[in-house]
Amino acid sequence: MQQENQTNPNIQTIKIWDLPTRLFHWSLVILLGVSWASIELSDNAFNIHEYSGYTILSLVIFRVLWGIFGSTTSRFRTFIRGLQPTIAYAKTLLQSKPGNQIGHNPLGGWMVLLMLGFLLFQAVTGLFSNDDVSSEGPLAHWISKDISDILSGLHHESFDILLVIVGLHIAAVLFYRFFKRDNLITPLITGFKPLAGETPPKLRFTSNWIALLLFGIVIAGVALLVTKA
Ligand code: HEM
Ligand code: HEM
């Protein structure tokens, strides 16, 4: 899907992000805030913390599946690059020229994997955590209290690390916006990005219905796990 820019015919605006990836991202941002607020700002909002955590868990599992079955720009094999291309890309990082990147750049790709990994770790350790008073994750009774205490500690520590990684992520997005004059945020909201120069590659978009089906299966699996455990 592409259209010519009215004022500059050399600029074509093309669709780069599908709806499921955009919904995934902005839901994640909101839910991370909800997870934090429900445990840090209130003493009796643990059930909100639980449900927000289960939804984050489902979103991350969905995103992994979408990285295999999703649209071109969302697939891992499109944006996870080897060491050489990543180093070559890093060397050009300080060049302040408007970017023509379609999807994640090689450094951003690794950042995405790191964030998904930490989010998964955060949600999974939560399932086994306890607060020594009245709240515990639904799988805490599968393990001993000692192990649950260790995982609760990790749940706490990994959130702090996650905050640092997210801070770096936001700083990187702002660096692209203001130093490299590459606006990454609007495309992740609208799906569309204006690109100058050569003909953009053909991108393939997986149906939103497949995304809905995958997310439905994941949500059902997580619900079954946490209610029947
Ligand atoms: C609050 C926690 C946040 C988390 C956990 C997070 C996580 C992520 C993840 C996992 C991706 C990869 C998207 C995908 O391929 O599925 C991503 C991409 C992106 N995020 Fe965030 N994000 C957060 C906040 C933000 C905020 C506040 C902004 C805006 C300032 C932002 C802007 C972006 C942009 C522009 C991309 C696409 C980068 C690119 O074009 O390569 N994120 N984020
Ligand atoms: C990715 C999603 C999640 C995030 C960001 C998150 C974040 C947090 C944070 C910041 C704390 C406070 C830690 C402290 O100050 O000691 C906490 C505590 C806790 N969380 Fe989560 N959590 C998530 C998912 C879950 C899930 C799915 C469960 C399971 C129902 C859960 C269960 C708990 C429990 C039982 C505590 C209390 C542990 C303690 O006080 O040591 N969390 N979580």
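Residues numbered from 1 in each chain as written. Chains lettered and ligands numbered in written order. Predicted model: local features only at pLDDT ≥ 70, side-chain atom pairs only at ≥ 80, totals over all residues. Heavy atoms only, no water.

Within an unreviewed UniProt entry, the label attached to the chain reads Cytochrome b, and the organism entered is Sulfurirhabdus autotrophica. If you open the UniProt record of the chain and go to Subcellular location (unreviewed entry), you find "Cell membrane". (UniProt positions renumbered as here; feature names shortened; annotations may be inferred.)

This part takes up the site of ligand 2. Close to ligand 2 lie 23 residues; Glu-40, His-49, Gly-126, His-155 and His-156 are nearest. At 3.3 Å from an oxygen atom of ligand 2 is found a side-chain nitrogen or oxygen belonging to Glu-40. Between a nitrogen atom of ligand 2 and a side-chain N or O atom of His-49, the distance comes to 2.8 Å. At the level of secondary structure, the elements contributing two or more residues to the shell around ligand 2 comprise α1 (19-40), α2 (46-69), α5 (106-127) and α6 (145-178). Here the shell around ligand 2 takes six residues from α2, the largest share from any one element. When the residues that make up the shell around ligand 2 are grouped by side-chain class, the tally is nine nonpolar, eleven polar and three charged. (Near = heavy atom within 4 Å. Polar contact = N/O pair within 3.5 Å; in protein donor to acceptor, adjacent residues only side chain to side chain. Helix = DSSP H or I, 4+ residues; strand = E, 2+ residues; numbered from the N terminus. Nonpolar A, V, L, I, M, F, W, Y, C, P; charged D, E, K, R; others polar.)

Protein-derived coordination of the iron atom of ligand 1 comes from His-25 (NE2) and His-169 (NE2), at a distance range of 2.0 Å. Note that the iron atom of ligand 1 binds six donor atoms; their angles at the metal cover 88 to 179 degrees, and the shape is octahedral. Here His-25, found in helix α1, pairs with His-169, found in helix α6; they are 144 residues apart in sequence, far enough to count as distant. Take His-25: its relative accessible area is 18%, and that puts it in the buried class. (Donors = N, O, S within 2.8 Å, 3.2 Å for Na, K, Ca; no water. Tetrahedral: all angles 85-135°; square planar, octahedral: opposite > 155°, others 65-115°. Buried < 20%, exposed > 50% of the residue type's maximum accessible area, 1.4 Å probe, protein only.)

Let's shift gears to the nonpolar core. Counting residues in each nonpolar core, the largest one holds 14 residues, and the members touching the most others are Ile-56, Leu-116 and Leu-119. Mapped by element, the contributors of at least two residues to this core are α1, α2, α3 (76-79), α5 and α6. Counting residues per element, this core draws most heavily on α1, which supplies four residues. With near-sequence residues (within four places) excluded, Leu-119 lies in contact with Leu-28, Leu-32, Ile-56, Val-60 and Leu-162. (Core = buried A, V, L, I, M, F, W, Y, C linked by side-chain atoms within 4.5 Å. Contact = heavy atoms within 4.5 Å.)

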